[in-house]
Amino acid sequence: MKLHYLILAAMAPVFVAAQTPNFTLTGKIGNLNKPAKVYFDYTENGNNHMDSADVVNGAFKFSGNITGIAFSRMTLSHDGKGKNNEIYAKGAGDVIYFYFGAENIKVTSVDSLYNAKFTGSKVYNEMLAFDKATGETVMAINRTANLVMERATPEQQKDPEFFKALDVQVKGKTAARKDKLVQFAKNNPDSYFSVAGLTEAFNAYRVPVTDIEAVFNKLSEQQRKTYAGINLAKLIEANSTTAIGAKAPVFAQNDTTGKPIALTDLRGKYVLVEFWASWCHPCRLESPNLLKQYQIYKEKGFEILAVSLDSDKGRWIEAITKDGLTWPQVSDLKGSGNEVAKLYGVTAVPANFLVSPEGKIIAKDLRGEDLNKKLAETLN
C-alpha cells in the first residue's frame, strides 16, 4: 500500500547559477546529532532540486531561490542510513510532504519531522486549509496503513481477512478525498490548490477528464496560466488523444539491453501497454495477476509491453528479475519525465492501455478482475 507521488520519485539535482536565496528553511528537531541527516527534495516550475544537511544539536538549515510555489519531500534519517531507508524500507519513516513559497520558514519539533510545526509560511497554512477541506492525503492514508501492517501480530500477517479489512479502510478514505478535491476547485477558482487538487484527482483517482476539464476551465486565468495550470491543460489535451477508440500513439524505447522496441513491432496482437516502476508498490502487487493472464493468453495473440518510469537501471532490472516478468520491457530511464508517459498523459502509476491488433485503444486503466474479464471477453 506504499504509494509515492511520481513528482518526487525520480528527482535529480539541478545546478543553477548562484542567486540570492529568496527562501530559507531552518529546523530544530530535539537535540539530534550525527549521524542524523535531513534530506530536502523539491520541485518548482519543472526544476528539481536535491539537498541535504547534517543535524547539529537538532538544528539544520536550507536556502535557495524559487519561482512560484514548490512541492517538497523532507526526510529525516535518525540513524544515518539515508533517505531511501526512511521512504521505502520502513514504510512509515520520518518523511513529510509539503508546499512552500519564497518565505522564511521555521520547522520545530521535540522528536521528529512528522510531528513538526511550521511557522512563517503562508503557503503551508493554505495547504493545511486545503487538506482540512479535502481530507487525509494519499501519503498520510498509506503511512497509517503501513504502520498498521508493521505492528500487526504474526497471526494477523497471515490472515487474508486482516488485509482485506485494511484495504477497505484505505479505499474508503481515498474515495472520500476524491470527491472533495473537485468540489474544492469549484469553490475556490483563484486558489493554487485548486489546480493541485484537480491534478491529484486526475492522476491519483482517475476522475474523468471531462469532469476535470469542465472545472479547470472555470478557474481564474491567473491559476490556469501558472506552470501547474499549463501542465494540467497539457494532461487534459493528452488524455483526449488516448481516449477509448482513438489510435494509440506510436513510440519506441530501448529494452534493458539497449535494443529499441516499438509498439508497431507488435501490430497484429492485442497489446497491453503497461506503465509501472520498480518503486511502485501497487504496480508490483499486480505482477502475479499479469503473469497469470500472460500465460493464459500469450498464445492467443496477447502481448504486454511494459514502460518503466524508473531512473535507476539497476533497480529496474532487479525488479524485473525478482518478479519474474517475461514480457518486453522498455524505458528511457528519465523517471517521471519518461517520454512515452508524456505522450500518453501518464503522470502516476500503475496505468495501462489495451490496444487492438489494428492499433486502437479499446480499454484503459484495468487492474485485477477488471483486466481479467476484459481479456476473457476479447481473446476467448
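One structure accompanies this document, and this report is about it.

Analysis parameters
- Residues numbered from 1 in each chain as written.
- Predicted model: local features only at pLDDT ≥ 70, side-chain atom pairs only at ≥ 80, totals over all residues.
- Heavy atoms only, no water.
- Axes fitted to C-alpha atoms, helices over the stretch in contact; angles between N-to-C directions.
- Helix = DSSP H or I, 4+ residues; strand = E, 2+ residues; numbered from the N terminus.
- Parallel < 35°, antiparallel > 145°, perpendicular 65-115°, else oblique.
- Contact = heavy atoms within 4.5 Å.
- Nonpolar A, V, L, I, M, F, W, Y, C, P; charged D, E, K, R; others polar.
- Disulfide = S-S within 2.5 Å.
- Buried < 20%, exposed > 50% of the residue type's maximum accessible area, 1.4 Å probe, protein only.
- Pairing = 2+ DSSP bridges.

**Examining the packing of helix H7 (residues 192-205) against helix H8 (residues 209-216)**
At a closest axis distance of 10 Å, the pairing of H7 and H8 adopts a crossing angle of 175 degrees. Taken as axis vectors, H7 and H8 run roughly antiparallel relative to one another. In this structure, H7 uses Leu198, Ala201 and Phe202 to contact H8, whose residues at the interface are Val209, Ile212, Val215 and Phe216. Looking at the contact of H7 with H8, its residues break down into seven nonpolar, no polar and no charged.

**Digging into the state of the cysteines**
By the definition in use, this model includes one disulfide. Between the sulfur of Cys280 and that of Cys283 lies a disulfide, 2.3 Å long from S to S. Every disulfide takes its handedness from the sign of the S-S torsion; for Cys280 and Cys283 that torsion is 80 degrees, giving right-handed. For the pair formed by Cys280 and Cys283, the shared burial category is buried.

**Side note on the sheet that holds strand E12 (residues 302-308)**
Paired through backbone hydrogen bonds, the strands of a sheet run either parallel or antiparallel to each other. Across the sheet, five strands lie side by side as E13-E12-E11-E14-E15; this open sheet has mixed pairing. Every other strand in the sheet has two partners, leaving strand E13 (329-330) and strand E15 (361-364) as the edge strands with one partner each. Examined bridge by bridge, strand E14 (residues 351-355) and E15 share three bridges and lie antiparallel to one another. Paired with Leu354 across the strands is Ala363, a residue of E15.

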